[in-house]
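Notes for the structure review
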Amino acid sequence: MSIRPILIHPDPRLKKVADAVDGVSPELKKLAEDMLETMYDAPGIGLAAPQIGISKRLIVMDCVKEEGAAPQPMVMFNPEVKWSSEETNVYEEGCLSIPEQYAEVTRPSEVEVHWTALDGAAQSGKFDELWATCVQHEVDHLDGKLFIDYLKPLKRQMITRKMQKLKRERARA
Ligand code: NI
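These remarks concern the structure in this document.

Rules behind the numbers
Residues numbered from 1 in each chain as written. Predicted model: local features only at pLDDT ≥ 70, side-chain atom pairs only at ≥ 80, totals over all residues. Heavy atoms only, no water. Helix = DSSP H or I, 4+ residues; strand = E, 2+ residues; numbered from the N terminus. Buried < 20%, exposed > 50% of the residue type's maximum accessible area, 1.4 Å probe, protein only. Contact = heavy atoms within 4.5 Å. Areas by Shrake-Rupley, 256 points an atom, 1.4 Å probe, with all protein chains shown as cover. Lys, Arg positive; Asp, Glu negative; His and termini not counted. Charge placed at Lys NZ, Arg CZ, Asp CG, Glu CD. Core = buried A, V, L, I, M, F, W, Y, C linked by side-chain atoms within 4.5 Å. Disulfide = S-S within 2.5 Å. Polar contact = N/O pair within 3.5 Å; in protein donor to acceptor, adjacent residues only side chain to side chain. Donors = N, O, S within 2.8 Å, 3.2 Å for Na, K, Ca; no water. 1 Å grid on protein atoms, 1.4 Å probe; cavity = no way out; pocket = protein on both sides within 12 Å on 5 of 7 lines; lining within 4 Å. Points joined across faces, edges and corners; volume = space filled by probe spheres on them.

1. Considerations on the overall build of the protein chain
Of regular secondary structure, the protein chain possesses three helices and seven strands. Element order for the protein chain, N to C, with α for helix and β for strand: α-β-β-β-β-β-β-β-α-α. On the principal axes, the C-alpha backbone points of the protein chain span a range of 45 × 40 × 35 Å. Counting only residues that meet the buried cut, the protein chain has 42% of its 173 residues in that class. Put simply, of all contacts in the protein chain between residues at least 6 apart along the chain, 66% involve residues at least 24 apart. By element, 50% of the accessible surface of the protein chain is carried by carbon and sulfur atoms, the whole surface being about 9500 Å². Averaging the locations of the 23 positively and 28 negatively charged side chains of the protein chain gives two centres separated by 10 Å.

Put into structure tokens, the structure is as follows:
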């Protein structure tokens, strides 16, 4: 397994609509393992393939946050939100592609998702609380959408400028 570099916003690769995966090949399994390792190392609770520059519909998540609790890694190929609740929830979101910037985003509080699992089997499940927010945030990445796209333009521009500055600083270092 290896840790992959995470793209920082703004980057055109984060704005692309990712391609559906056609079956779970050994290469894609390896990619999913690398993504989990990259996510845990960051550390983060979710990561989408476009964030490491791979335009494929693949996300990984683990929203277990209680200290000492067993990890619950999830790998989803071609995830699709099939149903969302009317009821909404507000979470302060962040993103590994937008380091150290957080903002409240309102999303449906419960969703039903269909996806293909690591073993190639079709799966579905209902998610609520942090898991619901996380899976919607990650599926958004597959459609080239970031959580800051839900914010008012001024706030979004402020964050984007901070990220441009961060990238300039990193390039110089
Ligand atoms: Ni993100």
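2. Focus on the nonpolar core
Among the nonpolar cores identified, the biggest contains 19 residues, and Met-61, Met-76, Phe-127 and Val-135 are the most heavily contacted of them. Elements supplying a minimum of two residues to this core: strand 2 (58-61), strand 3 (74-84), strand 6 (110-116) and helix 2 (129-142). Setting aside chain neighbours within four positions, we find Phe-127 in contact with Met-61, Met-74, Met-76, Ser-109, Glu-110, Val-111, Val-113, Trp-115 and Ala-132. In terms of nonpolar packing, the next biggest core, distinct from the first, is built from 14 residues, Leu-28, Ala-32, Leu-58 and Val-60 among them.

3. Quick look at the state of the cysteines
In the structure shown here, the tally under the stated rule is zero disulfides. Residue Cys-134 stays outside any disulfide, its sulfur separated by 3.6 Å from that of Cys-63, the closest cysteine.

4. Focus on the side chain of Asp-11
Following the sequence through the fold, Asp-11 ends up in the segment before helix 1 (26-41). Looking at Asp-11, its side chain comes within polar contact range of the main-chain nitrogen of Arg-13, at 2.8 Å.

5. Quick look at the coordination of the nickel ion
Every protein donor of the nickel ion is listed here as Cys-95 (SG), His-137 (NE2) and His-141 (NE2), and their distances to the metal cover 2.1 to 2.3 Å. His-141 sits in the buried class, given a relative accessible area of 2%.

6. Regarding the environment of Phe-147
Counting through the fold element by element, Phe-147 comes out in the loop between helix 2 and helix 3 (153-172). Sequence-distant contacts of Phe-147, defined by excluding residues within four places in its chain, comprise Glu-93, Gly-94, Cys-95, Ile-98, Gln-101, Ala-103, Val-105, Arg-107 and His-137.

7. Section: the environment of Ile-54
Along the chain, Ile-54 falls in the loop between strand 1 (46-48) and strand 2. Residues Ile-54 and Asp-19 lie 35 residues apart in sequence; the distance between their C-alpha atoms is 9.4 Å. Not counting the four nearest positions on each side in its chain, Ile-54 is found in contact with Arg-4, Leu-31 and Ala-49.

8. Re the layout of surface pockets
Of the volumes computed, that of the largest pocket is approximately 520 Å³. Lining of the largest pocket is provided by 25 residues; of these, Gly-44, Ile-45, Gly-94, Cys-95 and Leu-96 occupy positions nearest its centre. Those elements that provide at least two residues to the lining of the largest pocket are strand 4 (88-95), strand 5 (98-108) and helix 2. No other element matches the six residues that helix 2 contributes to the lining of the largest pocket.

9. Quick look at the side chain of Gln-101
Along the chain, Gln-101 turns up in strand 5. Judged by relative accessible area, Gln-101 falls into the buried class, the value being 13%. Beyond its immediate stretch of four places on either side in the chain, Gln-101 contacts Glu-93, Gly-94, Phe-147, Ile-159, Lys-162 and Met-163.

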